[in-house]
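Structure assessment
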Amino acid sequence: MFFKNIFVFAFTRPFTTTNEELIDALTERTFSPLGSTEMSRMGWSNSLGKGSAITTESNGNILFCARKEEKILPPQVVKDLVDERLDQIETEFERPNTKKEREQIKEDVIFELLPRAFSRTVDTHAYINAKENIIVVNTSSRSKAEDVLALLRKTLGTLPVTSISPEKAPDEVMTDWINGNLADQQVFVSNCFGFGEEAEFHALGDNGATAKVKDQELNSQEVMAHLESGKYVTKLALEFDDAISFMLHDDLSIKRIKFADVIAEQNDDIDSDDAQGRLEADFTLMAGELNRMIHNLHCEFNVNTHDHLEA
């Protein structure tokens, strides 16, 4: 139970729902399999896999899991069948198809294909820490993170959350860090962070040039040249306290999270027969380390998640 990619959101009103209340609410919307003619369905599943509770609470962190099942319809298959039927109409009636006919035929084709289509199921975990005023979603996709938030909002009736918004744009801050590093300056507020060996740079504008450096120190001449050409840092490899390495993106999403062996193996002494106990222990450990890293990272951007609370 170690998250690999995360989006972090802040509550704009204090989250006061208890774990017991959350259990009751999620239970009302537990996941059930798709019907034969449904395209997708989403609901809540066991927080730590089969046999576990719908939430897992540890040290103020409440873990839960959204499950989404959706049918897979290859677009080309749909297009070929639609085109075939449109051709038949044009031939039979000797006239072009109307927009309404095209839309209706596409709907009919999809409806006919759905019962025979394969489906895929994806679980997305998230946890809430009311004390830190955050909700952390384990996904590399913002749209999937927002799907989880939308389901939770529908489940609870309300979910006042927002993206983390520092005053200074993250790409500017990350560029300042690299410039400071090139000048041998202390760039981080705390001593917890260090640079990895990877970064991505973008020039301004929709068609601006993009450059990547990998497996090299970020105080090299190549890095300096990218900055001198006017590019900004949009992705940056960082390390936190010899515990976590990750890629920070300019939307403050955190990707490719990797926990150091000393962290990941900390619960190896738990009996291998106690799979549930190991998962719970790993969640406790992971959430604690992530919360510590998130808090310190936000400090680097002069952000306090409690500042997002409405007055």
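See the structure shown above.
Quick caveat, the model's predicted, so the values are computed rather than measured.

Using the criterion set out here, one finds 16 salt bridges in the structure. Taking the shortest distance from any N to any O, the salt bridge between D176 and K168 comes out at 2.4 Å. By relative accessible area, which is 38% here, D176 ends up partly exposed. Sharing partners across several salt bridges, the network here consists of E200, K212 and K235.

What follows is about helix α3 (residues 99-113). An α-helical turn contains 3.6 residues, so a residue and the one three or four places further along point in the same direction. If you check α3, its first and last C-alpha atoms are 21 Å apart, about what 15 residues at 1.5 Å a residue would give, namely 21 Å. Every buried residue belonging to α3 is among I105, V109 and L113, and all of these are buried. Seen from one end, α3 has its buried residues packed into an arc of 65°, which puts them on one side. Seen from the open side of α3, the exposed residues pointing more than 90 degrees away from its buried face are K99, K100, E107 and F111. Along its buried surface, α3 packs onto α2 (75-93).

Turning to the packing of aromatic side chains, a few remarks are in order. For any pair of aromatic rings, the description rests on two quantities: the centre-to-centre distance and the angle between the ring planes. For the coordinates displayed, the defined rule picks out 10 aromatic pairs. Plain terms: the ring middles of F188 and F193 are 5.9 Å apart, the flat faces sit at 40° to each other, and that makes the pair tilted.

For a regular strand, side-chain orientation follows a simple rule: the groups alternate between the two sheet faces. Judged by which residues are buried, strand β9 (residues 210-214) turns out to be one-sided: A211 and V213 face inward and are buried, whereas T210, K212 and K214, on the alternate face, are not. For strand β8 (residues 193-202) and β9, the ladder comprises five bridges, and the chain directions are antiparallel. Following the sheet pairing, A199 is matched in β9 by V213.

Rules and cut-offs
Residues numbered from 1 in each chain as written. Predicted model: local features only at pLDDT ≥ 70, side-chain atom pairs only at ≥ 80, totals over all residues. Heavy atoms only, no water. Salt bridge = Lys/Arg side-chain N within 4 Å of Asp/Glu carboxyl O. Buried < 20%, exposed > 50% of the residue type's maximum accessible area, 1.4 Å probe, protein only. Helix = DSSP H or I, 4+ residues; strand = E, 2+ residues; numbered from the N terminus. Expected span 1.5 Å × (residues − 1). Arc of directions from axis to C-beta. Contact = heavy atoms within 4.5 Å. Phe/Tyr/Trp six-rings, centres within 6.5 Å; stacked < 30°, edge-to-face > 60°. Pairing = 2+ DSSP bridges.

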